[in-house]
Amino acid sequence: MAPNDSAETTGTAARRPAGRRKAARYIVPVAVAGVAAATIGLVPALASSGDPDLPKITAQELIEKIAASDTEQFSGTVKISTDLGIPAMGGLAGSFLSGAAEGGDGGKGASSADPQSKLTELAAGTHTLRVAADGPDKQRLSVLDKASEYSLIHNGDEVWAYDSGSNAVYHAEGRGEAPHGKDHAAPEGVPSTPKELAEEALKAADGTTSVTVDGTARIAGRDAYRLVLRPEQKGSTIGSVTIAVDAENGVPLKFTLQPSSGGKAVVDAGFSSVDFGKPAASSFAFTPPKGAKVTEADDAEARGHEKEAREAAEKAQGDLGTFEGEGAPKVIGKGWNSIAEFRTPGGAALPSDASKDLPAEAGQFLDALGDKVSGKFGSGTVFKTRLINALLTDDGRVYVGAVTKDALVAAANAG
């Protein structure tokens, strides 16, 4: 079917209700390896079966349909993966992520079922998830592996997590809401459904984006419209975002992020099957298996976990940087070209190859990602992925965003 809307927007079509228009969040990565997973989340493209003939709809109407969607009951299977273009380095990138999330100590003393550490694995590779929700108080997310399964269940005031591979259980109670106040059971910063990914993308759309309805698709057996967002500014590493929106209820069924450099999608996440009926009550019931090691977390510890994870990440990366540095980041630019600027603790520079604090493998990993650059700001190193890039200057400043190397250098020169 031919595209049924080609109108562009300079802030009107992409404008969302005031409560939804918020600045995009910025998180400086552990060696830049995991930032994309923490801000966006991540799946081989799902095959669609034919293009249904649907009534015409404008981009404005389709965005409003997403915003108005109040579907709270569903179950299904989501496939998710990422291709950031990061060198494998024998799994070093993954070890940076898991080590930081587990406290920077390789997981010593931490439960292998802890959601904050376990779900960072969605940052790399291909994964199959089973998801279910029945309103704001009941959600379940299961990550399926070849030989094991990891499940995270939120049921009323309790949150249970179970890792079948290690027979470990993590339990928290007294919340009365999903972890971190989200509408599902995943930690903050780890979107796990196409809807959450779509909401993150639409936050950056105001005034800087071409938004069109580009035909239709058939996703997970349901008719959908294709909403396409393209940055109008130069310098973004994002080429386009395509969101397949359920024609009946406005729920995003699939999310695809193409890099401006071309090639394979960086992010491609979507339902392979979905049911919008009420899930069985048993989906949200959990009893620790016999012999399982149960780790309890009281309410104060659970609510403080995000802060602890940031502190652990800072320790793991040494002088590479911090999530917040000496204060909230300064945001340069707007929309897709927004760049976060801050200083590393004490203005520390990147460790040199000769530094005793920098393992040889880590040095090789950083060298594989980094380009030496210089300008009015002085000199520094740009660390690259296909989506998020970061400039660390020799005097301890950090510039990070979904922008090109040239855009980072220009921001540093202006600063």
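As the structure is a computational prediction, the values presented were derived from the model and not from experiment.

Scoring rules and cut-offs
- Every residue gets a number counted from 1 within its own chain, in the order that chain's sequence is written.
- Local features are withheld for residues below a pLDDT of 70 in this predicted model, meaning they are given only at 70 or higher, and side-chain atom pairs are given and counted only at 80 or more; totals for whole chains, interfaces and linings count all residues.
- By convention in this description, side-chain values take in all heavy atoms of the structure and omit both hydrogens and water.
- Note on conventions: DSSP H or I runs of at least 4 residues are helices, E runs of at least 2 residues are strands, and numbering of each starts at the N terminus.
- For every residue, the accessible area (1.4 Å probe, protein chains only) is compared with the maximum for its type, and the residue is labelled buried under 20%, exposed over 50%, or partly exposed between those bounds.
- We get accessible surface area from the Shrake-Rupley algorithm with a probe of 1.4 Å; when it comes to residues, only the shown protein chains can shield them.
- A residue's pLDDT is the predictor's confidence in that residue, given on a scale from 0 to 100.
- A contact between two residues is defined here by any heavy atoms of the two lying within 4.5 Å.
- Pairs were defined over the aromatic rings of Phe, Tyr and Trp, the Trp ring being its six-membered one, requiring ring centres within 6.5 Å. Orientation was assigned from the angle between planes: stacked under 30 degrees, edge-to-face over 60, tilted for the rest.
- For this document, the term salt bridge refers to a Lys or Arg side-chain nitrogen within 4 Å of an Asp or Glu carboxyl oxygen.
- For two strands to pair, DSSP has to find at least two bridges joining them.
- Each axis is a line fitted through C-alpha atoms, and for a helix only the stretch in contact is used; angles between axes span 0 to 180 degrees, taken between their N-to-C directions.
- The definition of a polar contact used here is a pair of N or O atoms within 3.5 Å, where within protein one atom must be able to donate a hydrogen and the other to accept one, and adjacent residues in sequence count solely through side-chain atom pairs.
- Only residues whose relative accessible area exceeds 30% and that form no salt bridge enter a patch; like-charged residues are grouped when within 9 Å of one another, and nonpolar side chains (Val, Leu, Ile, Met, Phe, Trp, Tyr) when within 5 Å.
- All tallies of charge rest on Lys and Arg as positive and Asp and Glu as negative; His and the ends of each chain are not included.
- Where a charge lies is defined by one atom per residue type, namely NZ (Lys), CZ (Arg), CG (Asp) and CD (Glu).
- This arc is built from the directions going out from the helix axis to the C-beta atoms.

**Notes on the overall build of the chain**
The helix and strand inventory of the chain stands at nine helices and 18 strands. By residue count, 51% of the 415 residues in the chain fall in the buried class. In the form shown here, the chain has an accessible surface area of approximately 17700 Å², with 49% of it arising from carbon and sulfur atoms.

**Looking at the confidence of the model for the chain**
Of the residues in the chain, 64% have a pLDDT of 70 or more, and the chain-wide mean is 74. Helix H1 (residues 35-39) is the least confidently modelled element of the chain, averaging 31 in pLDDT, while strand S8 (residues 222-231) averages 96, the highest of any element. Contacts from residues 88-108, a stretch scored under 50 in pLDDT, to residues over four places away or in other chains number 34 contacts. Within the model, the stretch residues 175-189 combines pLDDT values under 50 with 49 contacts to residues more than four positions away or in other chains.

**Overview of the environment of proline 194**
Along the chain, proline 194 falls in helix H5 (residues 194-203). Considering only alpha carbons, one finds proline 194 and isoleucine 243, 49 residues apart in sequence, at a separation of 8.0 Å. If we skip the residues at most four places from it in the chain, proline 194 touches Val78, Pro252, Leu253, Lys254, Phe255, Ala269, Gly270 and Phe271.

**Regarding the packing of aromatic side chains**
The tally for this structure, following the rule as stated, stands at three aromatic pairs. Ring centres 5.8 Å apart and planes at 45 degrees place the aromatic pair tyrosine 162 and phenylalanine 286 in the tilted group. Placement of the pair is tyrosine 162 in strand S5 (residues 158-163) and phenylalanine 286 in the loop between strand S11 (267-275) and strand S12 (293-297), with a sequence separation of 124 residues. The exposure class of tyrosine 162 is buried, given its relative accessible area of 16%. For phenylalanine 286, a relative accessible area of 19% translates into the label buried. A network of ring pairs unites the aromatic residues Trp160, Tyr162 and Phe286 as a single cluster.

**Points about the pattern of salt bridges**
Per the stated rule, a full pass over the model turns up ten salt bridges. Aspartate 246 is the partner of arginine 222 in a salt bridge, and the nearest nitrogen-oxygen pair spans 2.3 Å. Remark: aspartate 246 occurs in strand S9 (residues 238-246) and arginine 222 occurs in strand S8; sequence separation between them is 24 residues. Of the residues examined, aspartate 246 reaches a relative accessible area of 1% and is grouped as buried. Salt-bridge contacts for glutamate 248 lead to arginine 222; the nearest nitrogen and oxygen are separated by 3.0 Å. In this pair, glutamate 248 is assigned in the loop between S9 and strand S10 (252-259) and arginine 222 in strand S8, connecting sequence segments 26 residues apart.

**Description of the sheet that holds S9**
The strand order S7-S8-S9-S10-S11-S1-S2-S3-S4-S5-S6-S12 describes an open sheet built from twelve strands, whose pairing is mixed. The open sheet has two edge strands with one neighbour each: strand S7 (209-219) and S12. Shown here is a sheet whose adjacent strand axes are inclined to one another by a mean of 15 degrees, direction ignored. Pairing between S7 and S8: nine bridges, direction antiparallel. Bridge pairing links valine 211 to leucine 229 in S8. Lying on the sheet, H5 is in contact with strand S1 (73-82), S8, S9, S10 and S11; it crosses S10 at an angle near 50 degrees.

**Let's talk about the side chain of asparagine 389**
Examined against the element boundaries, asparagine 389 turns out to sit in strand S17 (residues 389-393). A polar contact of 3.1 Å, which involves the side chain of asparagine 389, links it to the backbone nitrogen of threonine 385. Once you skip the residues sitting within four places of it in the chain, asparagine 389 turns out to touch Thr237, Phe383, Lys384, Tyr399, Val400, Gly401, Val403, Thr404, Lys405 and Leu408.

**Quick notes on a negative patch on the surface**
Taken together, the side chains of Asp137, Asp157, Glu173 and Glu296 present a region of like negative charge at the surface. Residue placement: glutamate 296 occurs in strand S12.

**Observations regarding helix H9 (residues 405-414)**
In an α-helix there are 3.6 residues to a turn, and that puts residues three or four apart on one side. Every buried residue of H9 is listed here: Leu408, Val409, Ala411 and Ala412. The arc enclosing the buried residues of H9, seen along the axis, measures out at 160 degrees, which places them on a common side. H9 presents Asp406 and Ala414 as exposed residues on the side facing more than 90 degrees away from its buried surface. Residues of H9 that are buried make contact with strand S13 (330-332), strand S14 (339-343), strand S15 (370-375), strand S16 (378-383), S17 and strand S18 (397-401).

**A short note on the pairing of S16**
Pairing of S15 with S16, which is carried by six bridges, proceeds in the antiparallel orientation. Bridge pairing in S16 places glycine 370 opposite phenylalanine 383. In this sheet, S17 lies alongside S16 in antiparallel orientation, the contact comprising four bridges. Opposite threonine 381, over in S17, you have leucine 392 as the bridge partner. The hairpin formed by S16 and S17 contains five residues between the paired strands.

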